[in-house]
Amino acid sequence: GNSVTQMEGPVTLSEEAFLTINCTYTATGYPSLFWYVQYPGEGLQLLLKATKADDKGSNKGFEATYRKETTSFHLEKGSVQVSDSAVYFCALSGGFNKFYFGSGTKLNVKP
Amino acid sequence: GAVVSQHPSWVICKSGTSVKIECRSLDFQATTMFWYRQFPKQSLMLMATSNEGSKATYEQGVEKDKFLINHASLTLSTLTVTSAHPEDSSFYICSASPPPQGLTEAFFGQGTRLTVV
């Protein structure tokens, strides 16, 4: 079946620190992989995605590479800002936009 | 981008009553919508797939008689929590995609926070 495992939070960083949030997946077939962000009191927003092996998704300084050999899709950002504080969800979709989410990782960035 | 809207954003109801949550695609038609629930400090779990003009498909462990889904038109799906109890308190969120389904980005509603007292 399909499942996503991501590192537990919360993750607390100082502004301008390097961020990594680990995500691994189990899937049948060839899923697309996503990172969604949820700001306090809001719904999910797509942060980035990758649709096939070795693709790199990137947006707003965040990036993640679809690694089929390690079944991973780790999220990275070189220099976080206070405004990046949110909950980040790794997800996969096997088709027709039916999603399977990881447990979410709360990121706190301190000035 | 496309917009998916949920209503209400939050609702408080008494135990034993029913609550209806609406999910609308505002600028596109969606033959399929998805309903998720998110418990505090946990991830979103897929509850069911809402299919326009036919019965919803429920994930394992989700009670279909408790969570009634009606996809009456190409722009509206409703989730009714029947005989709600405090353990049903959660954050419910829907998603939909513009056609062609499965080939475009999924858009999520802003969610509905249900509190059953």
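Structure's up top.
Attention shifts here to the packing of aromatic side chains. Summed over all chains, the structure comprises 14 aromatic pairs over all chains. Aromatic pair F101(A) and Y36(B): ring centres 5.5 Å apart, planes at 85 degrees, arrangement edge-to-face. Placement of F101(A) in strand β11 (residues 99-101) and of Y36(B) in strand β4 (residues 32-38) is noted, with the two residues assigned to different chains. For the pair formed by F101(A) and Y36(B), the shared burial category is buried.

Glancing now at the pairing of strand β12 (residues 105-110) of chain A. Residue and element names in this part refer to chain A. Here β12 shows one buried face, formed by T105, L107 and V109, and one open face, formed by K106, N108 and K110. One ladder, built from four bridges, connects strand β2 (residues 11-14) with β12; its direction is parallel. From the neighbouring strand, S14 faces β12, where its bridge partner is K110. Sheet analysis places strand β10 (residues 86-93) next to β12, joined by three bridges and oriented antiparallel. Across the sheet, residue V87 finds its bridge partner in β12, namely K106.

On to the state of the cysteines, then. Under the counting rule described, the total for this entry stands at two disulfides over all chains. Covalently, C23(A) is tied to C90(A) through a disulfide, its sulfur atoms 1.9 Å apart. Handedness of the C23(A)-C90(A) disulfide follows from its S-S torsion of about -70 degrees: it is left-handed. In this pair, C23(A) sits in strand β4 (residues 23-26) while C90(A) sits in strand β10, placing the two residues 67 residues apart along the sequence. At a sulfur-sulfur separation of 2.0 Å, the disulfide partner of C23(B) is C94(B). In this structure the cystine formed by C23(B) and C94(B) twists about its S-S bond by roughly 85 degrees; its chirality is therefore right-handed. With C23(B) in strand β3 (residues 19-25) and C94(B) in strand β9 (residues 90-96), this residue pair connects regions lying 71 residues apart in the sequence. With respect to class, C23(B) is no different from C94(B); both count as buried. Free cysteine C13(B): the closest other cysteine sulfur is in C94(B), separated by 18 Å. A residue is classified by how much of its surface remains accessible, and C13(B), at 9% relative accessible area, is buried.

Here is what the cut-offs are and how they apply
Residues numbered from 1 in each chain as written. Chains lettered and ligands numbered in written order. Predicted model: local features only at pLDDT ≥ 70, side-chain atom pairs only at ≥ 80, totals over all residues. Heavy atoms only, no water. Phe/Tyr/Trp six-rings, centres within 6.5 Å; stacked < 30°, edge-to-face > 60°. Helix = DSSP H or I, 4+ residues; strand = E, 2+ residues; numbered from the N terminus. Buried < 20%, exposed > 50% of the residue type's maximum accessible area, 1.4 Å probe, protein only. Pairing = 2+ DSSP bridges. Disulfide = S-S within 2.5 Å.

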